[in-house]
Amino acid sequence: MAAVIGAVVLALQVQIAAPPTRLPLPKPALGAIRVSNHGNTTPAGALNGKVLTVSLEVVTGAWRPEGDTDPEVPILAFAEAGKGPVNPGPLIRVRQGTEIALTLSNRTDSSLVINGLRPGVSTTTDSVHLPARATRELRYRLDTPGTYFYGGWFTGSSFSDRLWLDSQLNGAIVVDGPGAVRADRIFVLSEWFHPYDDNRPFEVVSVINGKGWPHTDRIQLKQGDSTRFRVINAIPLWHPMHLHGFFYRVVARGMWNKDGPIPEPMRPLVNTDLLQPAGTLTFDFAPTTPGNWLMHCHFSFHMDETVTLSGSPPDSAAMNAHAGHGAPAANGSEHRMRGLVVGLQVAPARGHNEYRATNAREIRLLAQKDSNRLINQATAYGFVLQRGDSVPARDSVLLPGPVLELVRGQPVRIKVVNNLDEPTGIHWHGLEIPSFPDGVPDWSGMGNRIFHSIAPRDSFVAEFTPPRSGTYPYHSHLNERHQINSGMYGAIIVSDQPRDPKRDHVIVAGGGGLPLQHKAESHFALVNGRRFPPPLTLEAGTTHRLRLLSIHPDWRVAFTLRNDSTVARWRAVAKDGAEMPAIQATERPAHVEMGPGETADFEFRAMTPGRWRLEVKSVESGWYIPLEIIVVPPAAPPPE
Ligand SMILES: [Cu+2]
């Protein structure tokens, strides 16, 4: 009898846990024109002196956002007259001062509004109404250098209300200033989102230049060649854009219709930057280390099975054959990166020598799990250090992972031992190290030497020499939504000299449990591994360094240091591990918002004893964790 009841309970649990069945997708009309993708390398139109003549049409097409055997869906798309439709739309790229002679035609039966074609010319009034089957002629001059995009939607809708059919009406606009044009790449992020009319799951695919990973274009670069990336966000959501292996210099943060360079001394040096909805991000970097690298959105749900149509049933007959979509793969074997990820392949320069560590310090980092540790009895996945020969208990897990204290310029060999029963891969986020130990399964490395995930009971040695002192996260780079949310994250501190823990404080905001439902966002978070973290004690009159790490995979996190009446002031001193130059390291109100993967260091000095709190919370309403800060009198009175 007990066994029967047990079986029923088990069956119920399985039923509850099983992800909902996928639904049929809308189908393109028979004979619809295929929409192709492109990398924004060839400008549209014909240039005659200072006049660019270009003719754009909106047509209905069939788009395949992923592989050749993955689903095809209907979209409206831009085409240059006489050419096939493309996603993103044709690139408009001219020198500053060029006159645009544009013919705009609507070949569909829907009334549309096309916006953003005249950046710097017109902002609030820059909407071109284009009734069904209508044609309009426009003539204007582009005078303001920058990165922009144009976008269309159904009449009566708006940028943030686009769902699927009109969601790919986007194209890049680049206006080049005088002088030589730098080598650059242009990336347009877009999203096709299909809801259903009840609470069944939606279908969504997120793409860069018309394709989702692993089908995004590979970017070929040469070691040391400086490169400019222009990233355009045609999605009404934020994206923390992370570059593996290198810091980048932010040249401009714009909007689709407005852009302008940041004054040179103020340009931030970062490896992750929050790209706002309808925003643009222009940055420069030099890929100084060869190998395979990534640029990706660091929200786990923008780079996992959430944002793929792969496996969607193309019609209702097939729908029952497909289940199991979207939920984080419980055992990482099924997991694959998807969505907003671009691969960079940096060819070695002549005379490049592969990195070799000599006299490396050894660190043994165990990846383990501990059941019933998190909210709702969820299992914690995480790390513990083995010191010497005494092996930590198999269920010993530190939340967050132990702080890895590294010395700048000192080689280290971190042996990651996988005591989980699923594969993993660990990424040393922001460290400028060789590609092979970078931790992205089936990608990191070069040529024949590619990192593959660390199987259960196997281990991997990451060898590198950290070149820059600062604050960095380390985290799982496999099945991120599941593994990072369950605790596989921690801080790396690279220092020139030993830190004084009385004055140097590490504060890690990260995940504390799995999302519960299919595609639902996690409301679970931890600060320093706790939902109720113990207070920090600071000394009045002393300058303290607060190292803030934002590594929750699902949330933008706001940190505010305040008491009941006042927001404190602190001095920003480092971002993502890079020290700020004096001109940027200013005192400011103690508030910062960061996406996953970002870190920021601040100096704080309270002149008098008292109580403060660091409020750590999700920017969108979700969760709030206060960290009490007690400022005590100085240990010894200052000498007379
Ligand atoms: Cu994103």
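As a starting point, this report considers the structure included with it. The structure displayed is predicted, hence computed values, not measured ones.

1. Comments concerning the coordination of the copper ion
Geometry reference: four tetrahedral donors at a metal, ideal angle 109.5 degrees. Six octahedral donors, ideal angles 90 or 180 degrees.
Turning to step 1, where the next piece is worked out: Bound to the copper ion on the protein side are His-239 (ND1), Cys-297 (SG) and His-302 (ND1), at distances that span 2.0 Å.
Turning to step 2, where the next piece is worked out: Motif for the copper ion, donor spacing along one chain: H-x57-C-x4-H. Taken together, the residues span a long stretch of sequence, with His-239 in strand β17 (residues 239-243) and Cys-297 in strand β22 (residues 291-297) at a distance of 58 residues. Accessibility classification places His-239 together with Cys-297 in one group, the buried group.

2. Some details on empty space enclosed by the protein
Turning to step 1, where the next piece is worked out: Under the defined criterion, the tally for this structure stands at one cavity of 30 Å³ or more.
Turning to step 2, where the next piece is worked out: Considered as a void within the structure, the largest cavity measures approximately 40 Å³ in volume.
Turning to step 3, where the next piece is worked out: Forming the boundary of the largest cavity are Gly-39, Arg-185, Phe-187, Ile-208, Asn-209, Thr-216, Asp-217, Ile-219 and Val-342.
Turning to step 4, where the next piece is worked out: In terms of residue class, the lining of the largest cavity is made up of four nonpolar, three polar and two charged.

3. Examining the environment of Pro-261
Turning to step 1, where the next piece is worked out: Here Pro-261 lies in the loop between β18 (248-255) and β19 (269-270).
Turning to step 2, where the next piece is worked out: Residue classification places Pro-261 among the exposed residues on the basis of a relative accessible area of 61%.
Turning to step 3, where the next piece is worked out: Residues Pro-261 and Thr-566, spaced 305 residues apart in sequence, show a C-alpha to C-alpha distance of 34 Å.
Turning to step 4, where the next piece is worked out: Apart from residues no more than four positions distant in its own chain, Pro-261 is found in contact with Val-251, Ala-252 and Arg-267.

4. Overview of the sheet that holds strand β11 (residues 146-154)
Turning to step 1, where the next piece is worked out: Strand order across the open sheet formed by five strands is β6-β12-β11-β8-β9, with mixed pairing between neighbours. Because the sheet does not close on itself, it has two edges, and the strands there are β6 (89-95) and β9 (127-130). Each strand of the sheet is rotated relative to its neighbour by a mean of 15°, with strand direction disregarded.
Turning to step 2, where the next piece is worked out: As paired strands, β6 and strand β12 (residues 170-176) are joined by five bridges and run parallel to one another. Its bridge partner being in β12, Val-94 is matched across the sheet by Val-175.

5. Things to note about the sheet that holds strand β45 (residues 624-632)
Turning to step 1, where the next piece is worked out: As summarised here, the arrangement of the five strands in space is β36-β45-β44-β38-β42, forming an open sheet in which the pairing is mixed. Pairing within the sheet leaves two strands with one partner each, and these edge strands are β36 (536-539) and β42 (591-594). In this sheet, neighbouring strand axes are inclined to one another by 20° on average, regardless of whether the strands run parallel or antiparallel.
Turning to step 2, where the next piece is worked out: As paired elements, strand β38 (residues 557-562) and strand β44 (residues 610-618) share six bridges and run antiparallel to each other. Among the inter-strand pairings, Ala-558 is bridged to a residue of β44, identified as Lys-617.

6. Considerations on the pairing of strand β24 (residues 361-370)
Turning to step 1, where the next piece is worked out: Pairing geometry for β24 and strand β27 (residues 412-418), over seven bridges, is parallel. For Leu-366, the partnering residue across the bridge sits in β27 and is Val-417.
Turning to step 2, where the next piece is worked out: Bridge analysis of β24 against strand β25 (residues 380-386) gives seven bridges, and the strand direction is antiparallel. Residue pairing across strands places Leu-365 opposite Leu-385, the latter belonging to β25.

Reading guide: rules and limits
- Every chain is numbered on its own, with residues counted from 1 as its sequence reads.
- Whole-chain, interface and lining totals are the exception, using all residues; otherwise, since this is a predicted model, local features are given only for residues with pLDDT of at least 70 and side-chain atom pairs are given and counted only at 80 or more.
- The side-chain values count all of the structure's non-hydrogen atoms but skip hydrogen atoms and water molecules.
- The donor set covers N, O and S atoms within 2.8 Å of the metal, switching to 3.2 Å for Na, K and Ca, and it leaves out water, so a site may look short of donors.
- Numbered from the N terminus, helices here are DSSP runs of H or I no shorter than four residues, and strands are runs of E no shorter than two.
- Per-residue accessibility, obtained with a 1.4 Å probe over protein chains only, is compared with the maximum for each type, and a residue is labelled buried under 20%, exposed over 50%, and partly exposed between these values.
- As defined here, a cavity is a set of points on a 1 Å grid over the protein atoms alone where a 1.4 Å probe fits but cannot get out. A pocket is an open set with protein on both sides within 12 Å along at least five of seven lines, and residues line them when an atom is within 4 Å of a point.
- Grid points are joined across faces, edges and corners, and a volume is the space filled by probe spheres set on the points.
- In this classification, Asp, Glu, Lys and Arg are treated as charged, Ala, Val, Leu, Ile, Met, Phe, Trp, Tyr, Cys and Pro as nonpolar, and every other residue, Gly included, as polar.
- Contacts: residue pairs with any heavy atoms within 4.5 Å of one another.
- Strand pairing follows a simple DSSP-based rule, namely that at least 2 bridges must link the two strands.
- Helix axes are fitted only over the stretch in contact, all axes being lines through C-alpha atoms; the angle between N-to-C directions runs from 0 to 180 degrees.

None of this, on its own, says anything about what the molecule does.
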